[in-house]
Amino acid sequence: MQKILTPLVRTLRRSLVMLGLISLISLSGLLLPVVQPSYAAAVRNTQTSPEEKADQTYGYVESTGSREAGYEEAVKDAESLQSEEKAYERNLKTYKQEQPGANIVEEAKGLLDKVTGNS
């Protein structure tokens with residue numbers, strides 16, 4: 001009799017443990033806060049007028065044109081090895097226009113020249 005009851009009790013315990021684990025997992029899923037889609041509310045609050053949409057589209061087309069022009073310029077520079085230095089100088093000139101004032105490397109070069117006596 002005990003040989004029959006021992007496997008039955010073990011099976012009953014395992015099934016109860018499995019049932020308990022499944023119910024805990026289900027409860028934990030139910031207790032998690034549900035994330036509501038907030039993107040729809042943000043889109044509804046930021047409706048744009050047709051004029052604004054046209055302006056955005058025109059700005060997009062305009063910026064695409066400038067990117068294409070930059071790409072064509074880069075291709076032209078890459079084709080000739082002699083113009084690499086010119087491209088570097090042009091990029092450096094643009095950078096210096098965007099970043100006015102001396103940078104730390106130029107200041108360090110000036111101090112080094114002053115210390116070593118080079119002009």
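Because the structure is a prediction, the values reported are computed rather than measured.

A look at the overall build of the chain
Right, so step 1: Tallying secondary structure elements over the chain gives five helices and zero strands in all.
Right, so step 2: For the chain, the sequential pattern of α-helices and β-strands runs α-α-α-α-α.
Right, so step 3: The burial tally for the chain puts 3% of its 119 residues in the buried class.
Right, so step 4: Accessible surface computed for the chain: about 11400 Å², of which carbon and sulfur atoms make up 62%.

Some words on the confidence of the model for the chain
Right, so step 1: Taken over all residues, the pLDDT of the chain has a mean of 77, while the share at 70 or more is 72%.
Right, so step 2: The secondary structure element of the chain with the lowest average pLDDT is helix α2 (residues 39–45), at 56, and the one with the highest is helix α1 (residues 2–31), at 91.

Focus on a nonpolar patch on the surface
Right, so step 1: Side chains of Met1, Ile4, Leu5, Leu8 and Val9 sit close together on the surface and give an oily, nonpolar patch of about 540 Å² of accessible area.
Right, so step 2: You can call Met1 exposed: its relative accessible area is 76%.

Focus on helix α5 (residues 104–116)
Right, so step 1: Helix length check: α5 (13 residues) gives 18 Å between terminal C-alpha atoms against 18 Å at 1.5 Å per residue, within 8%.
Right, so step 2: Two residues or fewer after α5 comes Gly117, characterised by a positive phi angle close to 90°.

A closer look at α1
Right, so step 1: In this model α1 runs 43 Å from its N-terminal to its C-terminal C-alpha over 30 residues, within 8% of the 44 Å that 1.5 Å per residue would give.
Right, so step 2: In terms of burial, α1 is largely open, as just zero of its 30 residues are buried.

Cut-offs and rules
Residues numbered from 1 in each chain as written. Predicted model: local features only at pLDDT ≥ 70, side-chain atom pairs only at ≥ 80, totals over all residues. Heavy atoms only, no water. Helix = DSSP H or I, 4+ residues; strand = E, 2+ residues; numbered from the N terminus. Buried < 20%, exposed > 50% of the residue type's maximum accessible area, 1.4 Å probe, protein only. Areas by Shrake-Rupley, 256 points an atom, 1.4 Å probe, with all protein chains shown as cover. pLDDT = per-residue confidence, 0-100. Patch = residues over 30% accessible without salt bridge, like charges linked within 9 Å, V, L, I, M, F, W, Y side chains within 5 Å. Salt bridge = Lys/Arg side-chain N within 4 Å of Asp/Glu carboxyl O. Expected span 1.5 Å × (residues − 1).

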